[in-house]
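Listed here are the chains, written in short residue letters.
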Amino acid sequence: MSTLANPIPSTAGAAAVNVNSGKRHYGTHIFLTVMAIMWLIPLVWSLFTALRPKADTDKYGYFSLGGTFNFDNFITAWTQGGFSKYLLNSVIITVPSVLLTLFFASMMAFAVSRVSWKFNVTLLIMFTAGNLLPPQVLAAPLFEMFKHVTLPYSFSDSGNLLNTYISVIAVDTAFQIGFCTFVLSNYMKALSSDLTEAALVDGAGIWRQYWNIILPLCRPALAALGTLEVIFIYNDFFWPLLFIQSGSRLPITTAINNLQGEFLSNYNLLAAGATITVIPTLIIYLVLQRQFVAGLTLGSSKG
């Protein structure tokens, strides 16, 4: 009679895994720490300068800790720069631009990733290749085109597309669609084809597949892209300054010009104004931080 001995589990492999998992990546931590400090230094220095009165800076110097710290520069910058009005202009430009960009990009991404037809790759390459062209190259042609688009004076006080929010929204949307289409198409390709096939069997059309099945599954990716697009479009300085001549319609990124002196610049006041312009994007990122990180890391564990 023979008996089978119970195999003794080897702990060598488990010990090796534990040792490897317990190793600290000191090089990676040091690199990330240095990079974080390098990115934070300008922001911290701007905040430090903004909290100091100009008189104390002139007395003790910029590289000093003497003097008082208060929020007077922020109050002066907000009132003198008219930031409340310019912030509303930024909202009017940013919100429609981001929503239109994500909507059109998601539809295009669905067409090139979930619908089988011979122009899938061609259209995706065309949309992606548009990002390789510097936007400034098209500044003169776009300006001339908008100048010759006639509109009623009841709709535009300039009689054309210039000096309107629509011109900036249209350009921001057009230049951001390519990047968002590329990202969303790759995300949609990773979704199981069984979802749309089952919906097709049940009689769902293309629009229903897109709106009720695929789009809800893309919420993490849309949140991540939405956060990035808010930052990109909100911080855009070039297009509003080119297409909008009326100072009352300029976004908040141009309001800092109102804080410039004719012969002398108050850098403490300018630092306060620059810090104010950062606050909205910082709030957006903190609110959508979880969705933003989830959208960037989805698919990282797939083999």
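One structure accompanies this document, and this report is about it. Being a predicted model, the structure only gives us computed values, none of them experimental.

## Focus: the pattern of salt bridges
Link 1 in the chain: One pass over the full model with this rule turns up three salt bridges.
Link 2 in the chain: For Lys54, the salt bridge identified is with Asp58, shortest N-O distance 2.8 Å. Placement of both Lys54 and Asp58 in helix H3 (residues 54-60) is noted, with a separation of four residues, approximately one turn of the helix.
Link 3 in the chain: By relative accessible area, which is 25% here, Lys54 ends up partly exposed.
Link 4 in the chain: The closest approach of N and O atoms between Asp157 and Arg249, which form a salt bridge, is 3.0 Å. Residue Asp157 is found in the loop between helix H7 (139-147) and helix H8 (165-189), and its partner Arg249 is found in the loop between helix H12 (238-243) and helix H13 (267-287); the two are separated by 92 residues along the sequence.
Link 5 in the chain: For Asp157, a relative accessible area of 45% translates into the label partly exposed.
Link 6 in the chain: Arg249 sits in the partly exposed class, given a relative accessible area of 23%.

## Comments concerning the packing of aromatic side chains
Link 1 in the chain: In the structure shown here, the tally under the stated rule is 15 aromatic pairs.
Link 2 in the chain: For the ring pair Trp78 and Phe83, a centre distance of 6.2 Å and an interplane angle of 15° mean the geometry is stacked.
Link 3 in the chain: Both rings, one in Phe238 and one in Trp239, keep their centres 5.0 Å apart while their planes meet at 70°; by these two values the pair is edge-to-face.
Link 4 in the chain: Taking the relative accessible area as the measure of exposure, Trp239 reaches 5% and is therefore buried.
Link 5 in the chain: An aromatic cluster of at least three residues, connected via ring pairs, comprises Phe146, Phe175, Phe238, Trp239 and Phe243.

## So, a nonpolar patch on the surface
Link 1 in the chain: Together, Leu40, Leu43, Val44, Val278, Leu282 and Leu286 give the surface a local cluster of nonpolar side chains, amounting to about 520 Å² of exposed area.
Link 2 in the chain: Contributing elements (two or more residues each) for the nonpolar patch: helix H2 (26-50) and H13.
Link 3 in the chain: Within the element layout of this structure, Leu282 appears in helix H13.
Link 4 in the chain: When its relative accessible area of 43% is taken as the criterion, Leu282 is described as partly exposed.

Basis of the calculations
- Residues numbered from 1 in each chain as written.
- Predicted model: local features only at pLDDT ≥ 70, side-chain atom pairs only at ≥ 80, totals over all residues.
- Heavy atoms only, no water.
- Salt bridge = Lys/Arg side-chain N within 4 Å of Asp/Glu carboxyl O.
- Helix = DSSP H or I, 4+ residues; strand = E, 2+ residues; numbered from the N terminus.
- Buried < 20%, exposed > 50% of the residue type's maximum accessible area, 1.4 Å probe, protein only.
- Phe/Tyr/Trp six-rings, centres within 6.5 Å; stacked < 30°, edge-to-face > 60°.
- Patch = residues over 30% accessible without salt bridge, like charges linked within 9 Å, V, L, I, M, F, W, Y side chains within 5 Å.
- Areas by Shrake-Rupley, 256 points an atom, 1.4 Å probe, with all protein chains shown as cover.

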